[in-house]
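Observations on the three-dimensional arrangement
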Amino acid sequence: MKPSTPLHSVSVAGVVVREDGRVLVIRRADNGRWEPPDGVLEWDEAIEDGVCREVFEETGIKVHVERLTGVFKNMTVGVVALVFRCSPHGGTAQLSDESIAVTWLAPDDAMDSMSEAYSIRIADALTDDMAPHIRTHDGRRLTDPAGS
């Protein structure tokens, strides 16, 4: 039974792009999947601060947030994710409790290693389109492939 007031979790993700075009990805410790670094926004945390914190906690890389590139809703679990393009500005890649691998990949290699719901985050962040894309997914595949 659904609650009368919808409850959603808000997540933030950083698609970190180096000057050479490679993107930062992690292999998650909980499910073994490759994804851009992400996590739940804390209650008292500013959105951009949350992006910087999550990327650093999972990868050891410090970032500058450049722009919002996507708003995603996982229709299966009710998580809304705000995805941002970021640039690195320090730190050293390292593992965490949440990542079993951290690496920089060419965009095509990164996207080929991920499910559709996560590879599209990289594609969106690499476009010159300044308007964020709004998409829904089921955790693996887009449920509105056209998106916006």
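Conventions adopted
- Residues numbered from 1 in each chain as written.
- Predicted model: local features only at pLDDT ≥ 70, side-chain atom pairs only at ≥ 80, totals over all residues.
- Heavy atoms only, no water.
- Phe/Tyr/Trp six-rings, centres within 6.5 Å; stacked < 30°, edge-to-face > 60°.
- Lys NZ or Arg CZ within 6 Å of the ring centre and 35° of its normal.
- Salt bridge = Lys/Arg side-chain N within 4 Å of Asp/Glu carboxyl O.
- Helix = DSSP H or I, 4+ residues; strand = E, 2+ residues; numbered from the N terminus.
- Buried < 20%, exposed > 50% of the residue type's maximum accessible area, 1.4 Å probe, protein only.
- Pairing = 2+ DSSP bridges.
- Axes fitted to C-alpha atoms, helices over the stretch in contact; angles between N-to-C directions.
- Contact = heavy atoms within 4.5 Å.
- Core = buried A, V, L, I, M, F, W, Y, C linked by side-chain atoms within 4.5 Å.

1. Quick look at the packing of aromatic side chains
The geometry of an aromatic ring pair is captured by the separation of the ring centres together with the interplanar angle, meaning the angle of the planes. For the structure shown, the criterion picks out zero aromatic pairs. The ring of Phe 72 carries the charged tip of Arg 121 above its face, separated from the ring centre by 4.9 Å.

2. So, the pattern of salt bridges
Summed over all chains, the structure comprises twelve salt bridges. The residue Arg 53 makes a salt bridge to Glu 42 at a minimum N-O spacing of 3.6 Å. Taken together, the residues Arg 53 in helix H1 (residues 47–59) and Glu 42 in the loop between strand E4 (38–40) and H1 connect sequence positions eleven residues apart. For Arg 53, a relative accessible area of 17% translates into the label buried. Note that Glu 57 is salt-bridged to Arg 53, the shortest N-O span being 3.2 Å.

3. Let's talk about the sheet that holds strand E6 (residues 79–91)
One open sheet accounts for five strands, arranged E4-E1-E6-E5-E8; its pairing is mixed. Where the open sheet ends on each side, the last strands, each with one partner, are E4 and strand E8 (133–137). Here the average twist between neighbouring strands, direction ignored, is 35 degrees. Here three bridges tie strand E1 (residues 9–16) to E4, and the two strands are oriented antiparallel to one another. Residue pairing for E4: Val 12 is matched across the bridge by Gly 39. Each of E1, E4, strand E5 (61–74), E6 and E8 touches helix H3 (residues 116–126); the most contacted strand, E5, lies at about 120 degrees to it.

4. So, the pairing of E6
Sheet analysis places E1 next to E6, joined by eight bridges and oriented parallel. The residue bridging Ser 9 from the neighbouring strand is Val 79, located in E6. Count of turn residues in the E5/E6 antiparallel hairpin: four residues, of which Gly 78 carries a positive phi of about 75 degrees.

5. Side note on the nonpolar core
With 18 residues, the main nonpolar core has Val 15, Val 23, Val 25, Ala 110, Met 114 and Ile 122 as its most contacted residues. Looking at this core, the elements that each hand over two or more residues are E1, strand E2 (23–28), E6 and H3. At five residues, H3 tops the list of elements feeding residues into this core. In this structure, Val 23 is in contact with Val 15, Val 16, Val 17, Thr 103, Trp 104, Leu 105, Pro 107, Ala 110 and Ile 122, ignoring residues within four places of it in sequence. Among the nonpolar cores identified, the runner-up in size contains 15 residues, and Leu 41, Val 55, Val 65 and Cys 86 belong to it.

6. Considerations on the sheet that holds strand E3 (residues 34–35)
A sheet is described by the order of its strands in space; here three strands give the open sequence E3-E2-E7, paired in antiparallel fashion. Each edge of the open sheet carries a strand with a single partner, namely E3 and strand E7 (99–105). Direction of pairing for E2 relative to E3: antiparallel, over a ladder of two bridges. When the sheet's bridge partners are listed, Arg 27 is paired in E3 with Trp 34. The strands that H1 touches are E2 and E7; relative to E2, the one it contacts most, it runs at about 65 degrees.

7. Regarding the environment of Gly 50
Of note, Gly 50 is situated in helix H1. Judged by relative accessible area, Gly 50 falls into the buried class, the value being 0%. With 59 residues separating them along the chain, Gly 50 and Asp 109 place their C-alpha atoms 27 Å apart. Once you skip the residues sitting within four places of it in the chain, Gly 50 turns out to touch Val 12, Leu 41 and Glu 45.

Limitation: the analysis is restricted to geometry and does not speak to function.
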